[in-house]
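Each chain, written out:
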Amino acid sequence: MIPFLDLKKINQPYETAFQEKLKLVLDNGWYVLGNEVKEFETSFANYCGTKYCVGVGNGFDALVLIFKGYIQLGKLQKGDEVIVPANTYIASILAILQADLIPVLVEPKLETYNINPESIVEKITSKTKAILVVHLYGQLAEMDRINEIAMANNLLIVEDAAQAHGAIRNQESVISNQKSSVAYSFYPGKNLGALGDAGAVTTNDLELAKVIQSLRNYGSETKYYNDYVGVNSRLDELQAAFLNVKLPFLDAENEKRRAIAKRYLSEIKNDKIALPFWDLSNNHVFHLFVIRTQNRTNLQEYLQQNGIQTVIHYPVPPHNQKALSDWNHLSFPITEKIHNQVLSLPISPVLTDDEVDFVIKIVNQCIF
Ligand SMILES: Cc1ncc(COP(=O)(O)O)c(C=O)c1O
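Residues numbered from 1 in each chain as written. Predicted model: local features only at pLDDT ≥ 70, side-chain atom pairs only at ≥ 80, totals over all residues. Heavy atoms only, no water.

Student: Break down helix 3 (residues 35-48) for me, citing the residues and quoting the values.
Tutor: Across its 14 residues, helix 3 extends 20 Å between first and last C-alpha, which sits within 8% of the 20 Å expected from 1.5 Å per residue. Those residues of helix 3 that sit buried are Glu36, Val37, Phe40, Glu41, Phe44, Ala45, Tyr47 and Cys48. Across the axial projection of helix 3, the buried residues extend over an arc of 160 degrees, all falling on one side. Of the residues in helix 3, the exposed ones pointing more than 90 degrees away from the buried face are Asn35, Lys38 and Asn46. Backbone geometry just after helix 3 places Gly49 at a positive phi near 75 degrees. (Helix = DSSP H or I, 4+ residues; strand = E, 2+ residues; numbered from the N terminus. Expected span 1.5 Å × (residues − 1). Buried < 20%, exposed > 50% of the residue type's maximum accessible area, 1.4 Å probe, protein only. Arc of directions from axis to C-beta.)

Student: If you had to explain a nonpolar patch on the surface to someone new, which residues and values would you point to?
Tutor: A contiguous nonpolar patch, built from Leu26, Tyr31 and Val32 and spanning about 300 Å² of accessible area, is present on the exposed surface. The class of Leu26 is exposed, set by a relative accessible area of 52%. (Patch = residues over 30% accessible without salt bridge, like charges linked within 9 Å, V, L, I, M, F, W, Y side chains within 5 Å. Areas by Shrake-Rupley, 256 points an atom, 1.4 Å probe, with all protein chains shown as cover. Salt bridge = Lys/Arg side-chain N within 4 Å of Asp/Glu carboxyl O.)

Student: So what's going on with the nonpolar core? Residues and values would help.
Tutor: One finds Phe67, Leu76, Leu101, Leu132 and Ile212 to be the most contacted residues of the largest nonpolar core, which totals 35 residues. Secondary-structure elements contributing two or more residues to this core are strand 1 (52-56), helix 4 (59-72), strand 2 (81-85), helix 5 (90-98), strand 4 (128-134), strand 5 (156-160) and helix 9 (206-215). Sort the elements by how many residues they give to this core and helix 4 lands first, with eight residues. Setting aside residues up to four positions removed in sequence, Leu76 forms contacts with Phe67, Tyr70, Ile71, Leu101, Lys129, Ala130 and Leu156. (Core = buried A, V, L, I, M, F, W, Y, C linked by side-chain atoms within 4.5 Å. Contact = heavy atoms within 4.5 Å.)

Student: Give me the lowdown on the site of the ligand, citing residues and values where you can.
Tutor: Around the ligand, the neighbouring residues are Asn58, Gly59, Phe60, Tyr89, Ala91, Ser92, Val134, Asp160, Ala162, Gln163, Ser185 and Lys190. Separating an oxygen atom of the ligand from a backbone N or O atom of Gly59 is a distance of 2.8 Å. Ser185 is positioned with one of its side-chain polar atoms (N or O) 2.7 Å from an oxygen atom of the ligand. For the ligand, the accessible surface in isolation is 380 Å², of which the surrounding protein chains cover 90%. A breakdown of the residues in the shell around the ligand according to their chemical character gives five nonpolar, five polar and two charged. (Near = heavy atom within 4 Å. Polar contact = N/O pair within 3.5 Å; in protein donor to acceptor, adjacent residues only side chain to side chain. Nonpolar A, V, L, I, M, F, W, Y, C, P; charged D, E, K, R; others polar.)

Student: Break down the pattern of salt bridges for me, with residues and values.
Tutor: One pass over the structure, following the stated rule, counts twelve salt bridges. Note that Lys109 and Glu142 form a salt bridge whose closest N and O atoms lie 2.7 Å from each other. Separated by 33 residues along the polypeptide, Lys109 in the loop between strand 3 (102-106) and helix 6 (117-123) and Glu142 in the loop between strand 4 and helix 7 (143-153) bring together distant segments of the chain. What makes Lys109 partly exposed here is its relative accessible area of 25%. Taking relative accessible area as the criterion, Glu142 reaches 33% and is therefore assigned partly exposed. Close ionic contact of Arg145 with Glu118 constitutes a salt bridge, the shortest N to O distance being 2.8 Å. You can see Arg145 sitting in helix 7 and its partner Glu118 sitting in helix 6, a full 27 residues away along the chain. Within this structure, Lys75, Asp205 and Glu207 form a network of salt bridges that share partners.

Student: Explain the environment of Val231 to me, using residue names and the numbers behind them.
Tutor: Relative to the assigned elements, Val231 resides in the loop between strand 9 (225-226) and helix 10 (237-246). A residue is classified by how much of its surface remains accessible, and Val231, at 31% relative accessible area, is partly exposed. It is 9.5 Å that separates the C-alpha atoms of Val231 and Asp61, two residues lying 170 residues apart in sequence.

Student: Before we move on, could you go through unusual backbone geometry and cite the residues and values that matter?
Tutor: At the junction of His313 and Tyr314, the peptide bond is cis and its omega measures out at 10 degrees in the coordinates. When you line up the elements, Tyr314 lands in the loop between helix 12 (296-305) and helix 13 (333-341). Despite not being glycine, Tyr224 shows a phi value in the positive range, around 70 degrees. Residue position: Tyr224 is located in the loop between strand 8 (220-222) and strand 9.

Student: Tell me about the sheet that holds strand 3, residues and numbers included.
Tutor: Ordered in space as 1-7-6-5-4-2-3, the seven strands form an open sheet in which the pairing is mixed. Edge positions in the sheet fall to strand 1 and strand 3, since each of these pairs with one other strand and no more. Along the sheet, successive strands turn relative to each other by an average axial angle of 20 degrees, direction set aside. Running over the sheet, helix 3 touches strand 1, strand 6 (180-185) and strand 7 (199-203) and is turned about 130 degrees from strand 1. (Pairing = 2+ DSSP bridges. Axes fitted to C-alpha atoms, helices over the stretch in contact; angles between N-to-C directions.)

Student: Describe in detail the pairing of strand 1, supporting the description with residues and values.
Tutor: Counting buried residues in strand 1 gives four out of five residues, a clear majority hidden from the surface. Sheet topology note: the strand 1/strand 7 ladder contains five bridges and is antiparallel. Looking at strand 7, one finds that Val56 is bridged to Gly199.

What follows is the structure, encoded as structure tokens:
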């Protein structure tokens, strides 16, 4: 069986280094917001090409704390509208709601699965104050155009890069825009994955970085003195230590993902299957390799019978979820089509050439 994602195999090469880090932290005796968190914040900011990085508990909190940080700074107010793609993982939308802001859903492009900039323009009202861009499946959204729209309408840009570590490096136009911030998740299955929950915010905005640093720690900069109504969402010291081990290998691992994607794109030939769009640049880190077909159930069963595990990202769009019942009447035809048709093939830095050969052969043999 080729598993969809073999986390044990992904982490195995780092086992000795992880154990050394565990011993270091244990011996150090400082278990919360210590040297490992500081080191990771510096290294990850450097890696991303941004001035500041603040480690937090998970990707969801990274988003919530960005929004709450902007509210604290008076740059957003409760009830402001935030534009967000309709076909994201629900965490993006829940984070907007958690910060008492109003999500305004926008259709993606069918080809890229990312938000359609021209549809953003149609949804801007006097209450719109931010765009939450999601770089879905690991591919950067059309940031030049989105940045232009944001500048013209005086909107903040928040990026959800939970699936796009490394795709966003040296993204000059956005980095130079002081009104932007990026949320990362290091959930174990991500391209840079911890051994538990972890997350971070990157930004060039010193005020925002400072307020998030405080908000993640009960709104306190000086122990037992509280400036804001904060939360406890600190990046765990041990998770930071594990991330410090893995970060130097992220580019090489992303390169392996791209090499597999290149093979899938050139060798999968099945007229019933639509392959993902990629401009061959480093703007895609292939967190997921997502194909589309009208006969998804048949294809998934056939692959399973032949020993290939696949996953659907995601089966139900956020506006059709029970949790968001007020929105169940809304219609987003492109989003719904995507959710009805997508299927993710195995892709990871530890997939072997033989396994890639096998996936290609079986997918090509499938007649629906
Ligand atoms: C697009 C997106 N946003 C946000 C999140 C939330 O991250 P976390 O699970 O670390 O809270 C995830 C991942 O789970 C995600 O895929």
